[in-house]
Amino acid sequence: MTKEAIRHLTACDEILGALIQQVGPCRLECKARTPFQALVRAIVYQQLNGTAAAAILGRLKALFPGRRLPSPERLLRMPEARLRAAGLSRAKTAALKDLAAKAVAGIVPTTRVIRSMSNAEIVERLTTVRGIGPWTVEMLLIFTLGRPDVLPATDYGVRKGFALTYGWKDLPKPKELLAFGERWQPHRTTAAWYFWRALELPQHSKVKA
C-alpha cells in the first residue's frame, strides 16, 4: 500500500514528490489497540506533555489488575475519587466515564465492528463521546486503524508542513487544505505523514513552489 501511495503522490504532485524524495520511505506505524483503548489514551494525553501523560496513564493502569488498561465495565465501576487521585482532572474523569458508558452501550464500536464502518461514520459516532473531537478520531483512524485516506486538515503540524513545502506565507485554512488535497486521494494519510516530517527538515532544504 505504501509503495502504491508513493507512486500516486509523486505522479500527481511534483512538489510533494520532491518532499517524499527528501524524507525517504514512509515509516508510518499503527498500534494494535481497540477503539476503546485508543480513546482512553487519547483522553489521558489531551493537553499534556508526553512525560506527564505517561505518568498519569501508568497510575491509571495501576488501579486495575495486571496493570493494564481496564475494560469499559471495570472503568465504570472505578470510583471517581480514585481516578482523580491518579492525576486525572475532573473533566477527564467525566470523559473517561462517558467513554466507558458509551462502550458498554455499543456506541463506541468494537474492533470487529469498526472495521466495517466508513471514516465518516466513525467520526460521527465517536464525537458523541464527551471530550472527543474530530481531530482525536482522525488520529485513531490513522494510528490505530491504519486508514489510508485521512487528511487531518485542522492539525497544526500538517498545515505548517504543507505551508513550508509549498512556500505559503500563511497556514492554509482547513477548507483550503482539503480542497488542495483532493488530488492526493486515496492516499491522503501518507501525504499527511510527509507534511509532519517536513517540519523536521533543515530550514534551508525545505521544498518550495
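No experiment lies behind these values; they were computed from the predicted model shown. (Residues numbered from 1 in each chain as written. Predicted model: local features only at pLDDT ≥ 70, side-chain atom pairs only at ≥ 80, totals over all residues. Heavy atoms only, no water.)

Draft legend 1. Region of interest: the overall build of the protein. Helix and strand counts for the protein come out as 13 helices and 0 strands. In terms of principal-axis extent, the alpha carbons of the protein reach across some 55 × 35 × 30 Å. Here the protein holds 209 residues, and the buried ones make up 44% of them. Total accessible area on the protein stands at roughly 11,200 Å², and carbon and sulfur atoms take up 53% of it. Computed over 33 positive and 16 negative side-chain charges, the inter-centroid distance for the protein is 10 Å. (Helix = DSSP H or I, 4+ residues; strand = E, 2+ residues; numbered from the N terminus. Buried < 20%, exposed > 50% of the residue type's maximum accessible area, 1.4 Å probe, protein only. Areas by Shrake-Rupley, 256 points an atom, 1.4 Å probe, with all protein chains shown as cover. Lys, Arg positive; Asp, Glu negative; His and termini not counted. Charge placed at Lys NZ, Arg CZ, Asp CG, Glu CD.)

Draft legend 2. Layout of the nonpolar core. Formed by 55 residues in total, the largest nonpolar core has its most connected members in Leu 16, Leu 19, Leu 60, Leu 99, Trp 184, Tyr 194 and Phe 195. Looking at which element gives the most residues to this core, the answer is helix H13 (residues 188-198), with 7 residues. Contacts of Tyr 194, omitting those with residues within four sequence positions, involve Ile 6, Leu 16, Leu 19, Ile 20, Val 23, Gly 24, Pro 25 and Cys 26. (Core = buried A, V, L, I, M, F, W, Y, C linked by side-chain atoms within 4.5 Å. Contact = heavy atoms within 4.5 Å.)

Draft legend 3. Structural context of the pattern of salt bridges. Tallied over the entire structure, the rule returns 3 salt bridges. Between Asp 98 and Lys 102 there is a salt bridge whose closest N-O contact spans 2.8 Å. Of this pair, Asp 98 and Lys 102 both sit in helix H7 (residues 90-104), 4 residues apart, roughly one helical turn. Since its relative accessible area comes to 17%, Lys 102 is described here as buried. Two residues, Arg 197 and Glu 200, come together in a salt bridge whose shortest N-O distance is 3.0 Å. (Salt bridge = Lys/Arg side-chain N within 4 Å of Asp/Glu carboxyl O.)

Draft legend 4. Quick peek at the environment of Glu 73. With respect to the element layout, Glu 73 can be found in helix H5 (residues 72-77). C-alpha separation for the pair Glu 73 and Met 139, spaced 66 residues apart in sequence, amounts to 25 Å.

Draft legend 5. Quick look at the environment of Leu 141. When you line up the elements, Leu 141 lands in helix H10 (residues 134-143). Its relative accessible area of 2% is what places Leu 141 among the buried residues. Beyond its immediate stretch of four places on either side in the chain, Leu 141 contacts Asn 119, Ile 122, Val 123, Gly 146, Arg 147 and Val 150.

Draft legend 6. Region of interest: unusual backbone geometry. Look at the link from Gln 185 to Pro 186: it is a cis peptide, with omega at 5 degrees. Turning to its location among the elements, Pro 186 is positioned in the loop between helix H12 (174-180) and H13. Even without glycine at this site, Gln 47 takes up a positive phi of about 60 degrees. When you line up the elements, Gln 47 lands in the loop between helix H3 (35-45) and helix H4 (50-62). Positioned with a positive phi, Arg 67 is a non-glycine residue whose angle comes to about 50 degrees. Relative to the helices and strands, Arg 67 is located in the loop between H4 and H5.

Draft legend 7. Quick look at the packing of helix H9 (residues 119-126) against H10. At their nearest, the axes of H9 and H10 sit 9 Å apart, and the two run at 135 degrees to each other. As far as their axial angle goes, H10 and H9 are oblique. The two elements H9 and H10 cross, and the hand of that crossing is right-handed. Across the interface between the two elements, Asn 119, Ile 122, Val 123 and Leu 126 of H9 pack against Val 137, Leu 140 and Leu 141 of H10. (Axes fitted to C-alpha atoms, helices over the stretch in contact; angles between N-to-C directions. Parallel < 35°, antiparallel > 145°, perpendicular 65-115°, else oblique. Left-handed = near helix turned anticlockwise from the far one by under 90°.)

Draft legend 8. Structural context of the layout of surface pockets. Empty space within the largest pocket amounts to approximately 400 Å³. Lining the largest pocket are 14 residues, and of these Ala 38, Arg 41, Ala 42, Met 139 and Phe 143 lie nearest its centre. Residue classes in the lining of the largest pocket are distributed as 8 nonpolar, 3 polar and 3 charged. (1 Å grid on protein atoms, 1.4 Å probe; cavity = no way out; pocket = protein on both sides within 12 Å on 5 of 7 lines; lining within 4 Å. Points joined across faces, edges and corners; volume = space filled by probe spheres on them. Nonpolar A, V, L, I, M, F, W, Y, C, P; charged D, E, K, R; others polar.)

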